[in-house]
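# Structural overview
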Amino acid sequence: MSVEIKDYLAKEAVILDVRTKTEWDEGHIASAKHIVLNLIPTELEQIKSWNKPIIAVCRSGGRSGQATQFLQQHGVDVINGGPWQNVAQFTEQS
């Protein structure tokens, strides 16, 4: 998975954190965008407007997996990055 994460970051992927606001406030990747999982469907057009690949992250990989599946069904180039710390280790802010 780390190879895929590096590839996506090299393509200037947007990191999409789907955790709750409380979890986000406890720590997150500085460059990440925060959209809580249950709001992903209502924010689909905004997400598509970024015109970039996406790496979805959460606490353990479950919710980001759900977000990844939903976004893929709607034509978005997205991978499940799993726990946000997985991706943080590859970003410059960590």
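For the structure, see preceding data.
Below, the structure is looked at part by part. Position numbers for residues start from 1 in each chain and track the written sequence from start to end. Given that the model is predicted, a residue must reach a pLDDT of at least 70 before its local features are reported, and side-chain atom pairs must reach 80 or more before they are shown or counted; all residues, however, enter totals for whole chains, interfaces and linings. Water and hydrogen atoms play no part in the side-chain values, which are based on all heavy atoms of the structure.

Let's shift gears to the packing of aromatic side chains. Aromatic rings from Phe, Tyr and Trp, with only the six-membered ring used for Trp, were paired whenever their centres fell within 6.5 Å, and each pair was classed as stacked if the ring planes differed by under 30 degrees, edge-to-face if by over 60, and tilted otherwise. Taken as a whole and assessed by the stated rule, the structure comprises zero aromatic pairs. Counted as over-ring charges are cases with an Arg CZ or a Lys NZ within 6 Å of the ring centre that also lie within 35 degrees of the ring normal. Seen from the ring of Trp-50, Lys-33 lies directly overhead, with NZ or CZ sitting 5.5 Å from the centre.

Its identity as a non-glycine residue notwithstanding, Glu-12 has a phi of 60 degrees, on the positive side. Secondary structure follows DSSP: runs of H or I at least 4 residues long count as helices, runs of E at least 2 residues long count as strands, and numbering of each begins at the N terminus. Its location among the elements puts Glu-12 in the loop between helix 1 (2-10) and strand 1 (14-17). Using a relative accessible area of 53% as the deciding quantity, one classes Glu-12 as exposed. Of note, Asn-51 is a non-glycine position whose phi angle comes to about 50 degrees, a positive value. Among the structural elements, Asn-51 can be located in the loop between helix 3 (44-49) and strand 3 (54-58). Each residue is placed in one exposure class: buried if its accessible area under a 1.4 Å probe, protein chains only, is under 20% of its type's maximum, exposed if it is over 50%, and partly exposed if it falls in between.

The next point concerns the pairing of strand 3. In terms of burial, strand 3 is a largely internal element, five of the five residues being buried. Here strand 3 shows two buried faces, one formed by Ile-54, Ala-56 and Cys-58 and the other by Ile-55 and Val-57. For two strands to count as paired, DSSP must find a minimum of two bridges between them. With four bridges joining them, strand 1 and strand 3 adopt parallel strand pairing. When the bridges of strand 3 are listed, Val-14 appears paired with Ile-54. Note: strand 3 against strand 4 (residues 78-83), five bridges, orientation parallel. Residue Val-57 lies in a different strand from strand 4, and its bridge partner there is Gly-82. Crossover handedness is defined by viewing with both strands directed away from the observer: a clockwise path from the first strand over the helix to the second marks the crossover as right-handed. Following the chain from strand 3 across helix 4 (residues 62-73) to the adjacent parallel strand 4, one finds a crossover that is right-handed.

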